[in-house]
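Residues per chain are reported as follows:
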Amino acid sequence: MSLGIWIGRDLEENEKQIELAIKTALANRRTVDRVFVGNEVIERGDLSTDQLSAYIKRVREALPYRIKVTTAEPWSTWLLAPELAQNADIIAIHLLPYWEGVPISGSLASLQRWFEDVANQIDGIVVDHA
């Protein structure tokens, strides 16, 4: 099971969410296999890359290695902020041709191109089909 932590502009609420998620993941370490520290936090402009990276690192250090830690962002954010991958165990990429204005006839080619762009930008990317 993947556990998501809602991260936003409210730093006090972020602290509560992170502490609760760490506690929940540790209490359910046989069930939780991934923790997502935020969803489109950089895309929304809620935090800086450094702030989100620090949260990812903190959660990564608090959990056993079996539980993979990451964040989820659109492909373009991973290209603009590849440093997010430094503390992430996996890369969660939002690939959404519809929102990019890509017609259905070109969606598969776009998905492949965006994925390859991110894979080429971030060294050591591992494909994990969850």
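Refer to the structure above for everything that follows.
A brief structural summary. Because the structure is a prediction, the values reported are computed rather than measured.

**Focus on unusual backbone geometry**
Backbone geometry at Glu40 places phi at a positive 55°, although glycine is not the residue there. Looking at the element boundaries, Glu40 is found in the loop between β2 (34–39) and α2 (41–44).

**Observations regarding the packing of helix α1 (residues 11–27) against helix α3 (residues 49–62)**
Viewed as axis vectors pointing N to C, α1 and α3 meet at an angle of 25°, and their least axial separation amounts to 10 Å. In this view, α1 runs roughly parallel relative to α3, as classed from their interaxial angle. In the packing of α1 onto α3, the handedness of the crossing is right-handed. For the pair α1 and α3, the contacting residues are Leu11, Asn14, Glu15, Ile18, Glu19, Ile22 and Leu26 in the first and Gln51, Tyr55, Arg58, Val59 and Ala62 in the second. Taken together, the residues of the contact of α1 with α3 break down into seven nonpolar, two polar and three charged.

Parameters at a glance
Residues numbered from 1 in each chain as written. Predicted model: local features only at pLDDT ≥ 70, side-chain atom pairs only at ≥ 80, totals over all residues. Heavy atoms only, no water. Helix = DSSP H or I, 4+ residues; strand = E, 2+ residues; numbered from the N terminus. Axes fitted to C-alpha atoms, helices over the stretch in contact; angles between N-to-C directions. Parallel < 35°, antiparallel > 145°, perpendicular 65-115°, else oblique. Left-handed = near helix turned anticlockwise from the far one by under 90°. Contact = heavy atoms within 4.5 Å. Nonpolar A, V, L, I, M, F, W, Y, C, P; charged D, E, K, R; others polar.

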